[in-house]
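The primary structure of each chain is shown beneath.
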Amino acid sequence: MSAVELSKSELLERLAGGHAAALTVLTPNRRLAQALAADFDRAQGAAGRVSWDTADILPFGAFAARLYEDALYAEGGADLPRLLSPDEERCLWEAIVGESHAALLSVGAAAEQAREAWQLVQAWRLDARLKTMPLDADAAAWAGWAARYALRTQKDRLTDAACLPDLAARALGHPRARLPKQLVIYGFGVVTPQQQALFDALASRGTAFARSGPVAREARQLRVPCVDARAEVGLAARWARSRLEANPQARIGVVCPELAALRPMVERVFRRTLAPGGAPATLPFDLSLGAPLAAQPVVAHALAALELGGRDADFSRASLVLRSPFIGEAEAERAPRARADAALRAGASPRITLDALAAGLEGAPRLAARLGACARYRREHLFGRQAPRAWAEAFDGALRTLGFPGERSPDSAEFQALARWHELLAEFARTERVAGPMGFHEALARLSRMAQAVLFQPETPEVPIQVLGLLEAAGLEFDHLWVMGLSDEAWPPKAHANAFLPAALQREAGVPWSAPADALHQAQVLTAGWRGAAAELVLSHPQNEGDRRLAPSALIAEVPERALDLPAIQTWRDVIHAARRLERIEDARAPAFDAAQPARGGAGLIASQAACGFRAFAAHRLASAPLDAPHAGLDAMERGALVHRVLAAVWAALKTKAAFDALPTTELDALVGRAADAAIARARRQRPGVLDGRYAAIERARLARLAREWLDVERGRAEFTVLAREDRRALAIGPLQLTGQLDRVDETPEGRLIIDYKTGKPTVGVLLGPRPDEPQLPLYLVAGEPEAVGIAFAQVRAGDMKFTGLARAKGLLPGARTLEDVGKRQRCEADWTAQVAFWQRELTRLAEAFAAGEATVDPKDPRKTCTYCEQQPFCRIAERAGGEAGEAADAGS
């Protein structure tokens with residue numbers, strides 16, 4: 001096939017001849033076809049024409065499909081195989097891979113990669129060589145799958161997009177085939193053997209060929225180093241805005257090689273920079289890479305709702321349905337549904353059935369009725385094995401029973417996503433041509449994979465700024481082009497050969513990106529293309545990634561480094577702040593607490609006030625608390641409570657050290673066993689189904705083992721009597737009336753000891769100094785047992801059992817230290833009496849501060865206090881400390 005070279009201007013002149021010219025232009029992808037068609041339309045308009053024939057510009061795949069369809073729908077076309085949709089292809093590959101019984105982590109992922117291997121084999125004519133070379137286990141497995149796939153498609157008279165060019169070449173002799181007089185190959189960097197075969201077949205039937213491409217320009221280049229990827233995106237967004245403001249008609253491109261991974265951050269930064277006032281009807285930029293349809297809220301909520309039709313569903317998915325705006329009457333019942341969700345979380349299991357969800361919902365009667373109706377629908381329509389068409393109808397019916405998509409009017413993006421969802425259900429129904437009957441879970445899993453595979457991008461008018469992936473910019477022309485991410489580690493990118501095909505075979509065939517040498521060549525070609533694609537070219541690279549230092553890629557290192565002189569860009573936040581008239585109100589003090597009322601929170605209230613006044617105010621006066629997260633089994637707090645209960649029951653029976661020493665080992669073991677049984681029985685009553693069967697036996701053994709190990713520590717003590725166990729008491733401190741529960745109080749000849757069980761590793765330091773981290777034991781001392789001679793944590797931890805605490809004198813408790821032992825470094829007082837007096841003053845001061853409404857955001861040690869604080873979204877300390885810096889980094893400042 002010989003081909004003449006045409007400039008782009010010559011090509012546009014020939015296209016102006018209209019249909020009579022019988023000229024077809026082929027591009028390697030749809031985006032380039034659309035861009036060339038837009039250039040042709042602009043040229044016609046600039047020439048003063050008011051109407052013209054649409055240019056015949058197609059991506060290669062669409063051209064091959066047109067040749068096939070011409071033959072298919074003509075007389076005699078019934079003999080041609082029928083074309084599979086992409087979803088049918090995936091379905092067939094999944095069935096074949098799933099039937100192979102191979103040890104695979106994900107059948108869907110393996111099937112998709114196998115499908116890609118099949119496409120490579122067809123495009124690069126690898127099948128003959130595959131039959132003659134030794135294959136490893138992966139390649140051999142794929143060869144078996146491919147043979148079954150070929151046999152199935154041949155038997156059922158089916159074909160796929162990968163084989164379509166070959167089928168189109170064989171159909172060229174059909175009288176109805178529309179063969180162009182001239183075919184122009186535009187912007188092709190690589191022509192596969194399969195494409196070349198179709199071109200040769202066309203040439204043999206009289207089609208003339210020409211080659212063309214974009215207009216090459218001499219770019220004004222500069223290289224811009226950036227602190228990191230976030231700063232790089234921010235700077236690119238500011239640059240794009242400055243170029244657009246200078247020339248609203250400019251064509252601006254931003255190439256982000258890692259767009260798939262960085263898409264959320266890129267969209268957020270560009271939206272904030274280019275649309276600072278919110279979300280206008282049309283944003284001035286477009287991201288070429290869509291997000292999975294399954295990630296669109298309306299579709300994600302639909303899939304979550306359908307999951308309720310199974311035996312049970314993950315509670316997080318059920319919670320999404322409860323709070324969804326796409327379920328019937330959601331607007332009218334929004335607040336009650338949120339409250340019902342919060343209430344369910346308190347005692348729910350990680351997985352929940354639809355019937356249990358409908359029965360346990362309180363305060364949201366309309367939603368309860370919807371869920372009840374859906375439960376009845378489930379029993380009638382979502383059981384057994386059905387064909388995909390029946391499942392599509394059943395899924396749609398289940399959603400309609402729930403009132404999907406709700407009563408509010410969708411915005412444009414939601415409307416388009418909803419329309420695409422209904423198209424997807426129809427596509428799923430059509431897969432019954434290759435898929436047999438299936439159960440509920442298989443059907444929903446397949447529909448979910450289809451939704452994940454579809455990339456959704458809402459349709460928008462043509463916009464001046466295009467944010468593109470690595471390969472999508474090839475062949476496009478811009479006035480200004482920015483290419484980011486060109487560090488030495490990222491450019492050229494690593495080779496990525498298909499794992500199911502021998503790497504040597506892919507290298508020999510010249511499959512792009514399959515070998516390091518080819519990856520370097522492709523990167524050089526793309527880099528050269530960028531240099532001729534725009535009048536201004538900016539090449540940027542991050543200098544840091546985490547704690548690693550990065551250098552510019554060797555492919556751009558010779559480009560001169562220059563600083564960008566960009567005008568300051570105000571965000572909407574900046575505009576509002578610039579126009580502000582501030583009225584400062586001191587709000588660090590809440591209304592005084594009514595001391596006549598009991599204060600909720602016990603010792604935790606004092607601990608919160610010591611950590612941060614605002615934390616105490618939010619948690620104990622406003623009842624601000626995070627939502628519970630249902631969990632499997634027992635969490636650390638519940639397991640610790642079981643240990644407390646076992647030891648309390650043991651000492652309730654023993655009471656004294658003397659009785660403990662006198663009890664035979666067998667009887668002690670029996671006593672511990674009974675205590676463990678009682679603790680587990682209580683846990684079962686509180687959370688049914690959590691401790692059953694083998695899990696209960698394992699937990700019982702753990703509790704008995706811990707208790708016996710701890711009792712061995714107690715055996716080394718002198719005489720004592722356990723006076724109180726889990727003793728609930730009223731505690732008066734300053735103006736507050738609190739309630740606390742003392743784990744244990746022992747009477748010894750020297751005086752009383754207050755003991756608190758801990759399964760962690762406490763230290764003495766948490767009891768001392770101003771604003772103590774753990775004021776519980778000091779509070780119990782000064783408000784409950786003022787004459788006590790010691791306080792201690794009982795560290796019940798496997799392999800590390802011990803007492804940790806403070807005592808008035810040495811020898812009162814193994815492991816307890818005196819104030820003299822602790823020393824001044826721990827900010828303690830000189831003697832026990834002084835230390836008790838200090839605790840009395842400090843705890844009283846904290847109680848008085850709480851009662852007075854002291855609510856200053858004042859963490860004791862921000863590095864520790866704020867790390868696990870649940871009130872951060874409320875106090876917004878992170879925003880105050882670093883939010884503005886974070887916004888500046890996003891904006892590229």
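A brief report on the enclosed structure follows.

Calculation notes
- Residues numbered from 1 in each chain as written.
- Predicted model: local features only at pLDDT ≥ 70, side-chain atom pairs only at ≥ 80, totals over all residues.
- Heavy atoms only, no water.
- Helix = DSSP H or I, 4+ residues; strand = E, 2+ residues; numbered from the N terminus.
- Buried < 20%, exposed > 50% of the residue type's maximum accessible area, 1.4 Å probe, protein only.
- Areas by Shrake-Rupley, 256 points an atom, 1.4 Å probe, with all protein chains shown as cover.
- Core = buried A, V, L, I, M, F, W, Y, C linked by side-chain atoms within 4.5 Å.
- Contact = heavy atoms within 4.5 Å.
- Phe/Tyr/Trp six-rings, centres within 6.5 Å; stacked < 30°, edge-to-face > 60°.
- Lys NZ or Arg CZ within 6 Å of the ring centre and 35° of its normal.
- Pairing = 2+ DSSP bridges.
- Right-handed = clockwise from strand over helix to strand, strands pointing away.
- Axes fitted to C-alpha atoms, helices over the stretch in contact; angles between N-to-C directions.
- Parallel < 35°, antiparallel > 145°, perpendicular 65-115°, else oblique.
- Left-handed = near helix turned anticlockwise from the far one by under 90°.
- Nonpolar A, V, L, I, M, F, W, Y, C, P; charged D, E, K, R; others polar.
- Expected span 1.5 Å × (residues − 1).
- Salt bridge = Lys/Arg side-chain N within 4 Å of Asp/Glu carboxyl O.
- Lys, Arg positive; Asp, Glu negative; His and termini not counted.

1. Considerations on the overall build of the protein chain
Consideration 1: Assigned secondary structure in the protein chain consists of 34 helices and 25 strands.
Consideration 2: Referenced to the eigenvectors of the C-alpha coordinate spread, the extents of the protein chain come out at roughly 115 × 65 × 60 Å.
Consideration 3: Going through the 893 residues of the protein chain one by one, you find that 48% of them count as buried.
Consideration 4: Total accessible area computed for the protein chain in this model is approximately 42,500 Å², and 53% of it derives from carbon and sulfur atoms.

2. So, the nonpolar core
Consideration 1: Core analysis: the biggest nonpolar cluster contains 87 residues, and Trp 142, Leu 371, Phe 395 and Trp 421 have the highest contact counts within it.
Consideration 2: Take this core: its biggest share by element is 8 residues, from helix H5 (residues 107-124).
Consideration 3: Beyond its immediate stretch of four places on either side in the chain, Phe 395 contacts Leu 306, Leu 425, Phe 428, Phe 440, Ala 443, Leu 444 and Leu 447.

3. Regarding the packing of aromatic side chains
Consideration 1: One pass over the full model with this rule turns up 21 aromatic pairs.
Consideration 2: Clustering of aromatic rings is evident, with ring pairs tying together Phe 60, Phe 188, Phe 199 and Phe 209.
Consideration 3: Note that Arg 715 overlies the ring of Phe 660, its terminal NZ or CZ placed 4.3 Å from the centroid.
Consideration 4: The ring of Phe 720 has Arg 717 sitting right over it, with the charged end atom 3.9 Å from the ring centre.

4. Let's talk about the pairing of strand S6 (residues 182-186)
Consideration 1: Most of S6 is tucked away, with 5 of its 5 residues classed as buried.
Consideration 2: Side chains Gln 182, Val 184 and Tyr 186 of S6 all project onto a buried face; the interleaved residues Leu 183 and Ile 185 project onto the opposite face, where all are buried too.
Consideration 3: Bridge count for strand S2 (residues 23-27) against S6 is 4 bridges, and the pairing is parallel. Paired with Leu 26 across the two strands is Ile 185, which belongs to S6.
Consideration 4: As paired elements, S6 and strand S7 (residues 208-212) share 5 bridges and run parallel to each other. Its bridge partner lying in S7, Ile 185 is registered against Arg 211.
Consideration 5: The parallel pair S6 and S7, bridged by helix H9 (residues 193-204), forms a crossover whose chirality is right-handed.

5. Quick look at the packing of helix H12 (residues 297-307) against helix H13 (residues 315-322)
Consideration 1: For the pair H12 and H13, interaxial distance at closest approach is 9 Å and the crossing angle is 120°. By the angle between their axes, H12 is oblique relative to H13. Of the two possible hands of crossing, H12 and H13 adopt the one that is left-handed. Judged by residue contacts, Ala 300, His 301, Leu 303, Ala 304, Ala 305 and Glu 307 of H12 engage Arg 317, Leu 320 and Val 321 from H13.
Consideration 2: When its residues are assigned to classes, the contact of H12 with H13 shows 6 nonpolar, 1 polar and 2 charged.

6. Section: helix H17 (residues 388-401)
Helical geometry: 3.6 residues make up each α-helical turn, so side chains three or four residues apart lie on a common side.
Consideration 1: Relative to the 20 Å expected for 14 residues at 1.5 Å per residue, H17 spans 20 Å between its end C-alpha atoms, a close match to the ideal helical length.
Consideration 2: Looking only at H17, the buried set comprises Pro 388, Trp 391, Ala 392, Ala 394, Phe 395, Gly 397, Ala 398, Leu 399 and Thr 401.
Consideration 3: Packed against the buried residues of H17 are H12, helix H16 (365-381), helix H18 (412-430) and helix H19 (440-453).

7. Some remarks on the sheet that holds strand S22 (residues 751-758)
Two strands in a sheet stick together by hydrogen bonds in their backbones, pointing the same way (parallel) or opposite ways (antiparallel).
Consideration 1: One open sheet accounts for 6 strands, arranged S20-S21-S22-S23-S24-S25; its pairing is mixed. Looking at which strands have only one partner, the edges of the open sheet turn out to be strand S20 (721-733) and strand S25 (816-817).
Consideration 2: Direction of pairing for S22 relative to strand S23 (residues 790-795): parallel, over a ladder of 6 bridges. The residue bridging Ile 754 from the neighbouring strand is Ile 791, located in S23.

8. What about the sheet that holds strand S3 (residues 57-59)?
Consideration 1: Spatially, 5 strands are ordered S1-S7-S6-S2-S3 in an open sheet, and the strand pairing comes out parallel. The sheet terminates laterally at strand S1 (3-5) and S3, the two strands that pair on one side only. Averaged over all pairs of adjacent strands, the angle between their axes in this sheet comes to 30°, without regard to strand direction.
Consideration 2: Pairing analysis gives 3 bridges linking S1 to S7, with the strands arranged parallel.

9. Things to note about the pattern of salt bridges
Consideration 1: A full pass over the atoms with the stated rule returns 61 salt bridges.
Consideration 2: Between Glu 94 and Arg 446 there is a salt bridge whose closest N-O contact spans 3.4 Å. Linking Glu 94 in helix H4 (residues 86-99) with Arg 446 in helix H19, this pair joins segments that are 352 residues apart in sequence.
Consideration 3: The salt bridge involving Glu 714 is made with Arg 717; its shortest N-O contact spans 3.0 Å. Arg 717 carries the same exposure label as Glu 714, and that label is buried.
Consideration 4: By sharing partners, the salt bridges in this structure join Lys 8, Asp 39, Arg 42, Arg 251, Glu 462 and Glu 477 into a single network.

10. Focus: the side chain of Arg 645
Consideration 1: Inspection of the secondary structure puts Arg 645 in helix H25 (residues 636-654).
Consideration 2: Buried within the structure, Arg 645 lacks any salt-bridge partner; its nearest side chain of opposite charge belongs to Glu 726, at an N-O separation of 5.2 Å.
Consideration 3: Those residues in contact with Arg 645, other than ones at most four positions away along the chain, are Ala 679, Arg 682, Gln 686 and Glu 726.

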